[in-house]
Amino acid sequence: MERVLISTKDLSKIYHMGEVSVEALRDANLDIYEGEFVVILGPSGSGKSTLLNIIGGMDTPTLGKVFFRDKELGDLDDNGLTRYRRENIGFIFQFYNLLPNLTARENLELVTDMSSDPLDVMEVLDKVGLKERADHFPSQLSGGEQQRVAVARAVAKNPEMLLCDEPTGALDNTTGRVVLKVLKEINQSLGKTVLVITHNAAIAEMANRVLYLSNGRTADIRTIENPVDPERIEW
Amino acid sequence: MNKLRLMTLRDINSNKGQYIAVILVVVIGITLYNAVLMSYQSLSNSIEYYYEEYRLPHLFAKFIRSSESIVAAAERIDGVAAAQGRLVLDVPMELPGFDDKIQARFVSVPASNDNALNRLYLEEGRYVSGSFHEAALVDKLFMEAHDLETGSTLYPIINGKKIQIVIAGKAVSPEYIYPVPSSRELMPDNERFTIIYLEHGFMQQLFGYEGMVNEVVVRLKDEALTGEIKKELEYAFKHYGLISVGERDDQASYMMMDNELMGLEAMGYSYPMIFLLIGSIVIYMLLLRLVDNQRRQIGVLMALGFTKRAILFHYQGYALFVGFAGSILGGLLGIWLSGSLTRYYLVFFNVPVLQVKIYASVIIIGIVLSVVFCGIAGLNAAKRVLRIAPAEAMRPMAPVEGKKWWGERILPFLARLKISWRLTFRNMWRNKKRTLFTLFAIAMTVGLMISILMLLDSVELLFDKAFGDALSYDYKINFTRDVHRGIIEDLGEFREISSVEPIAEYPFRLKNGWRQKETLVTGIQRGSALYGLFDLNGNRTDVPVEGILLTEGLAKSLGVKPGDTIMLESLYKPETEQQVVVKGLVEQYMGGSGFMEIGSLIRAMKEGSTINSALIKIRHGSLGFVKELEDMAYVQSVKEPDDMVKQYNEYMDIMYAYIGVIVAMSCIMGFAIIYNTTTISIMERKRELASLRIMGFTNNQVAEIIFNENTAVSILGLLVGMPLGRLIGAQIIEFYPEDVMTLPLVVFPKTYIIAAATVALFVILAQLANMRRISRMDLVEVMKSRE
């Protein structure tokens, strides 16, 4: 847990919306270590999504730097960022964003076809508990199941890190817990770094570290010695 | 401004590219419609006016030679408004500085032009004087082709003597709007054929026809009486050396103009309809997408209290906007184009009173057509608004139901394709309607292109057949009059001639019961090496010893098949009917349409062994000899088969112009269609495509998915469009009058290849034009929104 995977230095992001400027991030500093389960907590508008998007190479900071290991993302052009996302990052969104025209298995294959070192599709589906439903189309799956397919899809290309934006936001308590369990399992058995952003404080208890974000600044960082089992999280 | 209207305009403004593309398709259709129909109206009205004002006769009675007293007899027939006797005689003519021999048609005209039939329009100079000085009025196009002026001298050879005649002026007659000697000639040759008008009495003297005429032209009180009075004339002049009584439709220029106008009118309606139909399909697809995309907005409008009808009209407004904008632009462009198109006709046609007008009725009908087409498309797309319940509209659309399509179940290999291709086919299946519409639109584009390009193929094949396989002679000699067959032996004596064959071409009336047809019957010798005939399977065939071969078209209009007997009546010798057996059908693309062994043809004429043409092949390096031949006393003209090709190509210019315009417009349309479907695909699947980008697909990989869909639809469209084009082309060729020429139905592979390459090109262009939409997609923004 010693090696730094992601490191941000004085990140700032200013959005110009017409005549108004919104400062979504102000000098945000953060290190994420390999194999960590990190939760970024903050109310809506605190800059969590902006931070996640910048780390994921979907957005660029106005000021400051982001390093992935020793590579600075600011040095990458559009193609470089695409390659970075393809090789290193798995995204999971609140709304699952599966391709409706492809079965669960095919949604995974879509990604593994273009990865250099993918995991076995059926094994990953087994890991998220959906081996039996591999040939179902998204419309034939429940929300929780769809989100687990989305997790599997993110994992299948064997990235270094999963970035999850409110992964349980659209799910009820029970199905949400299943998804969190799957994330934890992937973190532990596959050693993937997982970064979850949420406004749901209960989820933070399952992390190794929790980062509090407020008004675009990193307000506090807390290390949790004994993370709670996701089964026992209530909200 | 009404806020809904404002929304419409702003929406259109923010999707300019798409609306411009649809408007373009409509503009094309309406431009074509206006240009062609206005040209049609201008030409047709001008010609109608010209025929009436300049008194084109209704009937043309031809005689071998007859006393002038028959004119009065004709005038006495009830229903005849005026009759005029005249001489029409063709003689060879020389022109200093011009090597080829000219066929000059001398036509006698009354001393006064005022009440004449076929009144002349004097372009310059003065009316005929009746003496050698200022004797002749000459056809305008001929004078222009040779840079002749009033006062120039002509040297016709009349009764074997070269005579000098001074030109009094430049004139045109309603009888020769399209100046060809007979309907056997397809194209005017203004260098080698002309019409020269002389004062009647003067011409009689000059040609030795004192007191005689060889034509009586008749104008009727009522055109409807044509058939009836034609019969009366035939009966009355039976014993006066009558050859035939022709109607306007039998007259070369009238017939050609009629065909030209009919073709123009048909074109004015058919092609624009196709463009409008496709334009409305594109609008339909565009609006379907718009309504789906703006579901939530529709919900908000409903919640605010707008009626469904108001919202329906709001969306209908987009289509009407396209319809109006397209038809007004198209109207303006059409007016401009029709001016040049109409003037272009003057290169070929003698229409002195041509009035190029703007026809408001055409423009208004164009606008109505466009608005109706677009409006119906818009209404059909917008009516899905009616199915939306306000509360439901506020919620996102139910997720698309993914499923495998039947193709994957039936053809298992489809299920094993690369994922991106599987995705392509499923998307096509998911959007069946759009796939079908796009397919149809591309098929029509391809069909349009092929249908018009194949005309070129047909003409090429026609020439290949007619001048490559069928006619292997070097020159055709037309004699000034019937000559004894022995002339062939004389010609054979010339060292320069390697082979020579006689040809007899005479007009006959072919009858089968009440059906009859006047046509040229060609007599050729058995086993001819210079004139080839082909049966319907394309195999070489020969004239039978007895009996006649007919072209398919002629056999059809006579209602006969091989083995049937028909009556053959020489137009030169009425009442010399004889029976002949139809021995077979042949392909013939130009000229006459009956073929007999020359001996039996001559026997049917019941005249000595005379012929009127000969085909020759000459030895190498004997070109100077052709000049010698031309100068021989009994030779009227020496023509190369190539001359016809050259003439035809000149005439084809106007056809090329049309072909060019339609091909260019098809390309623009094809681009507009693909561009729009691509845009719609991208906008509809923004979220899908954005997820792919986030997962690490490059812009090009994302584009490939859209591109695959275009490729697949385009290939299908091409496959449907190819036979469709052939079908449309067959209709056009069918429409082409058979009397003039029979175009073979053929599409060369190169035409298909050109069509395929063009489709490929506009697919690629449309794709490139849309790349920006993919590369500029704001991933964060797209993923944030729920819908």
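About the cut-offs
- Residues numbered from 1 in each chain as written.
- Chains lettered and ligands numbered in written order.
- Predicted model: local features only at pLDDT ≥ 70, side-chain atom pairs only at ≥ 80, totals over all residues.
- Helix = DSSP H or I, 4+ residues; strand = E, 2+ residues; numbered from the N terminus.
- Contact = placed C-beta atoms within 7 Å.
- Rg over C-alpha atoms; globule rule 2.2 N^0.38 Å.
- Buried ≥ 20, exposed ≤ 12 C-beta atoms within 10 Å, placed from the backbone.
- Pairing = 2+ DSSP bridges.
- Axes fitted to C-alpha atoms, helices over the stretch in contact; angles between N-to-C directions.
- Core = buried A, V, L, I, M, F, W, Y, C linked by C-beta atoms within 7 Å.
- Parallel < 35°, antiparallel > 145°, perpendicular 65-115°, else oblique.
- Left-handed = near helix turned anticlockwise from the far one by under 90°.
- Nonpolar A, V, L, I, M, F, W, Y, C, P; charged D, E, K, R; others polar.
- Domains from an automatic or database assignment.
- Expected span 1.5 Å × (residues − 1).
- pLDDT = per-residue confidence, 0-100.

**Regarding the overall build of chain B**
The helix and strand inventory of chain B stands at 24 helices and 23 strands. Overall size of chain B, expressed as C-alpha extent along the three principal axes, is 100 × 55 × 50 Å. Pairs at least 24 residues apart make up 84% of the contacts formed inside chain B by residues separated by at least 6 positions.

**Considering the overall build of chain A**
Across its full length, chain A carries six helices and 10 strands. In terms of C-alpha radius of gyration, chain A reaches 17 Å, essentially the compact-globule figure of 18 Å for 235 residues. The principal-axis extent of the C-alpha atoms belonging to chain A is close to 50 × 40 × 40 Å. Buried residues in chain A amount to 49% of all 235 residues. A separation of at least 24 residues holds for 69% of the contacts in chain A among residues at least 6 apart in sequence.

**Here we look at the sheet that holds strand β3 (residues 37–41) of chain A**
Residues and elements named next belong to chain A. Judged by pairing direction, the sheet is mixed, and its six strands sit side by side in the order β6-β7-β8-β3-β9-β10 without closing on themselves. If you trace the sheet from one side to the other, it starts and ends with β6 (89–92) and β10 (217–223), each paired once. Put simply, the sheet's adjacent strands are angled 20° from each other on average, direction ignored. The sheet contact formed by β3 and strand β9 (residues 209–214) spans four bridges and is parallel. Bridging from a neighbouring strand, V38 pairs with R209 of β9. In this fold helix α6 (residues 173–189) packs onto β3, β7 (161–165) and β8 (193–198), with an angle of close to 150° to the strand it touches most, β8.

**So, the nonpolar core**
Counting 148 residues, the largest nonpolar core has B:V22, B:A136, B:Y197, B:V282 and B:L287 as the members making the most contacts within it. Top element by residues in this core is helix α2 (residues 16–53) of chain B. It accounts for 20 residues. Once residues within four sequence positions are removed from consideration, B:Y197 is found in contact with B:V107, B:V109, B:L120, B:V128, B:A136, B:L137 and B:A171. Ranked by size, the runner-up nonpolar core spans 79 residues in total, among them A:I54, A:I55, A:L73 and A:I197.

**Let's talk about helix α21 (residues 686–695) of chain B**
Residues and elements named next belong to chain B. A large share of α21 lies buried, amounting to nine of its 10 residues. Considered for burial, the residues of α21 that qualify are K686, E688, L689, A690, S691, L692, R693, I694 and M695. One or two positions beyond α21, positive phi appears at G696, with a value near 115°.

**Some points on the sheet that holds strand β1 (residues 4–17) of chain A**
Residues and elements named next belong to chain A. Pairing within the open sheet is antiparallel, and its four strands lie in the order β2-β1-β4-β5. One side of each edge strand has no neighbouring strand; the edge strands of this open sheet are β2 (20–33) and β5 (71–72). The pairing of strand β4 (residues 63–68) with β5 spans two bridges and is classified as antiparallel. Among the inter-strand pairings, F68 is bridged to a residue of β5, identified as K71.

**What to know about the pairing of β1(A)**
The two faces of the sheet receive side chains in turn, since in a regular strand these alternate between them. All names here are of chain A. The pairing of β1 with β2 spans 10 bridges and is classified as antiparallel. Note that in β2 the partner of H16 across the bridge is S21. Counting the residues that bridge the hairpin from β1 to β2 gives two residues, and of these G18 lies at a positive phi of roughly 65°. Taken together, the five bridges between β1 and β4 define a ladder with antiparallel strand orientation.

**A short note on the packing of α2(B) against helix α9 (residues 308–345) of chain B**
Residues and elements named next belong to chain B. At a minimum axis separation of 6 Å, α2 and α9 run at an interaxial angle of 40°. With respect to α9, the element α2 is oriented oblique. Between α2 and α9 lies a crossing whose hand is right-handed. For the contact of α2 with α9, the per-class residue count stands at 18 nonpolar, 13 polar and no charged.

**With respect to the domain arrangement of chain B**
Residues and elements named next belong to chain B. Each assigned domain of chain B is listed with its residue range as follows: domain 1 (1–58 + 252–398), domain 2 (59–251), domain 3 (431–469 + 645–787) and domain 4 (475–639). Relative placement of domain 1 and domain 3: their C-alpha centres are 21 Å apart. In this assembly, 23 residues from domain 1 lie in contact with 27 residues from domain 3. Of the residues forming the side of domain 1 that touches domain 3, the biggest block, 12 residues, is contributed by helix α7 (residues 252–293).

**Some thoughts on the interface of chain B and chain A**
Between chain B and chain A, the contact holds 23 residues from the first and 24 residues from the second. Those elements giving two or more residues to the side of chain B that touches chain A turn out to be α14 (419–430), α21 and α24 (779–784) of chain B. When residues of the side of chain B that touches chain A are assigned to their parent elements, the largest contribution, six residues, is made by α14(B). Partitioning the side of chain B that touches chain A into residue classes produces 10 nonpolar, five polar and eight charged.

**Describing the environment of A:R133**
When you line up the elements, A:R133 lands in the loop between α4 (121–127) and α5 (143–156). If we ignore the near neighbours within four places in the chain, the residues touching A:R133 are A:A104, A:L141 and A:E145.

**What about the pairing of strand β20 (residues 578–587) of chain B?**
All names here are of chain B. Note: strand β16 (residues 533–535) against β20, two bridges, orientation antiparallel. Looking at β20, one finds that F534 is bridged to E587. Relative to β20, strand β18 (residues 548–551) runs parallel, the two sharing four bridges. Across the sheet, I548 pairs through a bridge with V582, a residue of β20. Pairing between strand β19 (residues 565–570) and β20: four bridges, direction antiparallel. For I566, the partnering residue across the bridge sits in β20 and is V580.

**Re α6(A)**
Residues and elements named next belong to chain A. A rise of 1.5 Å per residue sets the reference length of α6, with its 17 residues, at 24 Å; its end C-alpha atoms lie 24 Å apart and thus fit the reference within 8%. Buried within α6 we find G176, R177, V179, L180, V182, L183, I186 and N187. Where α6 is buried, its residues contact β3, α4, α5, β7 and β8. Taken from the residues just after α6, G191 is the one with a positive phi, measuring 70°.

**Some details on the environment of B:D99**
For B:D99, the position within the fold is in strand β4 (residues 98–109). Separated by 445 residues in sequence, B:D99 and B:P544 have C-alpha atoms that sit 40 Å apart.

**Notes on the packing of α5(A) against α6(A)**
Residues and elements named next belong to chain A. At a minimum axis distance of 9 Å, the contact between α5 and α6 shows a crossing angle of 15°. Between α5 and α6, the interaxial angle falls into the category roughly parallel. Every pair of crossing elements has a handedness; the one defined by α5 and α6 is right-handed. Two secondary-structure elements touch here, α5 through G143, G144, Q147, R148, V151 and V155 and α6 through T175, V178, V179, V182, L183 and I186. Tallied by class, the residues present in the contact of α5 with α6 amount to seven nonpolar, four polar and one charged.

**Some thoughts on unusual backbone geometry**
The backbone of A:R69 shows a phi angle near 50°, a positive value even though the residue is not glycine. Examined against the element boundaries, A:R69 turns out to sit in the loop between β4 and β5. In this model, B:D147 sits at a positive phi of 55°, which is unusual for a non-glycine residue. Among the structural elements, B:D147 can be located in the loop between α4 (140–145) and β7 (153–158).

**Some points on the confidence of the model for chain B**
With 92% of its residues at a pLDDT of at least 70, chain B reaches an overall mean of 84. Here the complex is predicted with pTM 0.71, and the ipTM for its interfaces comes to 0.74.

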